[in-house]
Amino acid sequence: MNALTAWLEKHILPVAAKIGAQKHLVALRDAFIGTMPATMAGAIAVMINAIIRDLPPAFWPSYDGNTIPVIKQIIGVNGYVWNGTLAIAGLIFAFSWGYNLARAYNVPDLAGGIVSLAAFIQGISFGPSNTAALGVDVPQNIADAINNSGVGATIADGNISVGLWGWLKLDHLNGNAYFTIMIIGALATIIYAKLMLADITIKMPEQVPPAVSKAFAAILPASIALYVVAIINFVVAQVTGGQLIIDLVQKYIAEPFLGLSQGFGALVIVQLAIQLFWFFGIHGTNVMAPVLEGIWGVAQLKNINVFQEGYNGLKGTDAVLAAIKDGQAYYWVRGSFDAYTMFGGSGGTIVLIIAILLFSKRADYLTVGKLSLGPGIFNINEPIMFGMPIVLNAIMFIPFLVAPIVTTAIGYFATTAGLVAPVSQQVPWVVPPILLSFLATGADWRAPIVTIICMVVSFFIWVPFVISANKLEAAE
């Protein structure tokens, strides 16, 4: 065991430390965390609507929450919350990304957020433009009325032309934009930061207030950054016949990544990385946040939006399942890890605590187990991670690595086989296990059963090593 620990410390720890300290990845992690007040509020709104609007018809077919006083108003209020949060999650993330990236470079962060947001907005659609044959004869008086109405549509020679402008496309403002923002926002903000650090700024007299001086100092770097992005947008549009970067990124980068994320092999790789980081005392979930949130988090936002908006006339979980078949939603998303793998925290440590309380004879383990039980119920596992500790504890390395892989497999194959609904709600991670999976799947009663199975299997993986630790103490 000591040899294993020494080998891991020599070959894995340095790499883990470098990744955990990489400033761009840290900024990206903090950017995702920074959006949580808004995205969590939107998720709560969708979850409440799922409970009071979408769940009851499964038991009472005649139920219609949109016609019931008070319920109808609550649904409407939650709709407004969704409009200002998940519906425009891309806008919120764009500012958070630039803000945190600027902080990583130690330049004015507010301007960094604005630069990233502006760079993103300049490359999205401001309205559809299309011409189509109607196939019917439109009376001239109706055609004249439409042509003179100012609605952005004209009819001529049996064709209708739509040239709306000033209407931002919602699919460009929500979670679909994340990949584009990561690229374009980073480019613009890094250019701005480098120019600020090179002191290519407008200098103001010392008598000018600091706030004004900072604003003027950012003008030149921000302008240059935004013009660079604008030129890129222009060139891409010319080369591709008017296509937008955001649409190209979505088609050739985002969709392939999201597709790969649904393979079990990808889940194994990311889960192993999380556990390895944690083993060395580095917060694995935080370090892997750029991957977890950038890929599976985007997939989760898609599921939430489909659940809220519906798909092909379907609502709720039925809409999500239909969208999955068309590649517009996903079986496994960020919340799936929480539901079926991270009960009690990374590694499923709530079951380790139970195993310790039942089978451990070590006074130190029992003391830590008792102290860790309360936080563990709410998925806080730092007390057991560092108090036991699991960190650099060679005897616990194997179950800490293996148990999450096994439970991920159970949750993944149960979901893809249709035995349980996909996660379609974003639930606060501190919600206790079992209840979390029930809420995350839009109140699917089968989800807690799958979580319990995962916990039982994980328990039996941990138990032999807890018992072995008793013998190890005796030998010591």
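In the annotation of an unreviewed UniProt entry, the entry for the protein chain reads Permease IIC component, and the organism field reads Enterococcus canis. Under the Function (unreviewed entry) heading, UniProt states for the protein chain: "The phosphoenolpyruvate-dependent sugar phosphotransferase system (PTS), a major carbohydrate active -transport system, catalyzes the phosphorylation of incoming sugar substrates concomitant with their translocation across the cell membrane." In its Subcellular location (unreviewed entry) section, the UniProt entry covering the protein chain states "Cell membrane".

*Asks:* For this particular structure, what's the right way to read the nonpolar core?
*Replies:* Note on soluble globular proteins: their nonpolar side chains tend to be buried together. Phe93, Trp97, Tyr192, Ile384, Met388 and Met396 are the most contacted members of the largest nonpolar core, which has 118 residues in total. The leading source of residues in this core is helix α9 (residues 178–197), at 12 residues. Domain assignment of the residues forming this core places at least three in each of domain 1 (89–125 + 168–262) and domain 3 (265–470). The contact partners of tryptophan 97, leaving out residues within four places of it in the chain, are His24, Ala27, Leu28, Ala31, Ser116, Ile181, Met182, Gly185 and Ala186.

*Asks:* Help me out: how do you make sense of unusual backbone geometry in this one?
*Replies:* Leave glycine aside and you will find that most residues have negative phi; peptide bonds, for their part, are mostly trans. Of note, the amide linkage connecting methionine 388 to proline 389 takes the cis form, showing an omega dihedral of -15°. In the Ramachandran plot, aspartate 199 falls in the positive-phi region, its phi being about 60° despite a non-glycine side chain. Along the polypeptide, aspartate 199 turns up in the loop between α9 and α10 (210–240). The phi dihedral of asparagine 312 falls on the positive side, at around 50°, and the residue is not glycine. Along the chain, the position of asparagine 312 falls in the loop between α14 (289–309) and α15 (316–325). Judged by relative accessible area, asparagine 312 falls into the exposed class, the value being 64%.

*Asks:* I'm lost on the packing of aromatic side chains in this one. Help?
*Replies:* Think of a pair of aromatic rings as described by two things: how far the centres are apart, and how the planes are tilted against each other in angle. What the rule picks out here adds up to 16 aromatic pairs. Plain terms: the ring middles of tryptophan 332 and tyrosine 340 are 6.2 Å apart, the flat faces sit at 40° to each other, and that makes the pair tilted. Exposure class is identical for tryptophan 332 and tyrosine 340. Each is buried. Among the aromatic residues, those joined into a cluster by ring pairs are Phe264, Trp296, Trp332, Phe337, Tyr340, Tyr412 and Phe413. A cation sits over an aromatic face here: lysine 23 above tyrosine 105, 3.9 Å from the ring centre. The ring of tyrosine 365 carries the charged tip of arginine 362 above its face, separated from the ring centre by 4.3 Å.

Conventions adopted
- Residues numbered from 1 in each chain as written.
- Predicted model: local features only at pLDDT ≥ 70, side-chain atom pairs only at ≥ 80, totals over all residues.
- Heavy atoms only, no water.
- UniProt positions renumbered as here; feature names shortened; annotations may be inferred.
- Core = buried A, V, L, I, M, F, W, Y, C linked by side-chain atoms within 4.5 Å.
- Buried < 20%, exposed > 50% of the residue type's maximum accessible area, 1.4 Å probe, protein only.
- Helix = DSSP H or I, 4+ residues; strand = E, 2+ residues; numbered from the N terminus.
- Domains from an automatic or database assignment.
- Contact = heavy atoms within 4.5 Å.
- Phe/Tyr/Trp six-rings, centres within 6.5 Å; stacked < 30°, edge-to-face > 60°.
- Lys NZ or Arg CZ within 6 Å of the ring centre and 35° of its normal.

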